[in-house]
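Here are the chains, one letter per residue:
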Amino acid sequence: MSNTSYAWSVMPALLRGLKVSAEATGLSMALALVAGVPVCLLRISRVRALRILGVAIISVIRNTPLLAQLYVYFYVLPEFNVELSPLVVGVLGLGTHFT
């Protein structure tokens, strides 16, 4: 089997993976935007308590490694009977991390 024939034989699997990656990217971006706008509004609020809450949320999310957040979503939440699929965990993790 030559190199080009092998490349063409795995192309359908690569294209399926590309589709899943594009879906996860789009959903994560949408989640980050939807969650980020309210957090941003909290951060720039004139009410001191809301501003402190916004700063706290941003500090916790930004200072927690993405891998730790994914670990919590994938391994800790099932301990509380919250089962999520790997795609949902990835979207949730990326969406919240980049909020």
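Undergrad: Honestly, the packing of aromatic side chains in this entry has me stumped. Any pointers?
TA: How two aromatic rings sit relative to each other is set out by the distance from centre to centre and by the angle between their planes. Tallying each qualifying case throughout the model produces two aromatic pairs. Here the aromatic rings of Y71 and Y75 are separated by 5.0 Å at their centres, their planes lie at 45°, and the arrangement is tilted. One end of the pair is Y71 and the other is Y75, both in helix α3 (residues 66-76) and four residues apart, which spans about a single turn. Here F74 and Y75 contribute two aromatic rings whose centre-to-centre distance is 5.1 Å and whose plane-to-plane angle is 85°, an arrangement assigned as edge-to-face. For F74, a relative accessible area of 34% puts it in the partly exposed group. Taking the relative accessible area as the measure of exposure, Y75 reaches 47% and is therefore partly exposed. In this structure an aromatic cluster arises from ring pairing among Y71, F74 and Y75.

Undergrad: Would you mind going over the packing of helix α1 (residues 3-43) against helix α2 (residues 48-63) with me for this structure?
TA: Packed helix pairs are characterised by how far apart their axes lie and by the angle those axes make with each other. Where α1 meets α2, the axes come as close as 6 Å, and the angle between the chain directions of the two elements is 130°. With respect to α2, the element α1 is oriented oblique. Residues V39, L42 and R43 of α1 lie in contact with α2, whose contacting residues are L50, R51, L53, G54, V55, I57 and I58. Class assignment for the residues of the contact of α1 with α2 results in seven nonpolar, one polar and two charged.

About the thresholds
- Residues numbered from 1 in each chain as written.
- Predicted model: local features only at pLDDT ≥ 70, side-chain atom pairs only at ≥ 80, totals over all residues.
- Heavy atoms only, no water.
- Phe/Tyr/Trp six-rings, centres within 6.5 Å; stacked < 30°, edge-to-face > 60°.
- Helix = DSSP H or I, 4+ residues; strand = E, 2+ residues; numbered from the N terminus.
- Buried < 20%, exposed > 50% of the residue type's maximum accessible area, 1.4 Å probe, protein only.
- Axes fitted to C-alpha atoms, helices over the stretch in contact; angles between N-to-C directions.
- Parallel < 35°, antiparallel > 145°, perpendicular 65-115°, else oblique.
- Contact = heavy atoms within 4.5 Å.
- Nonpolar A, V, L, I, M, F, W, Y, C, P; charged D, E, K, R; others polar.

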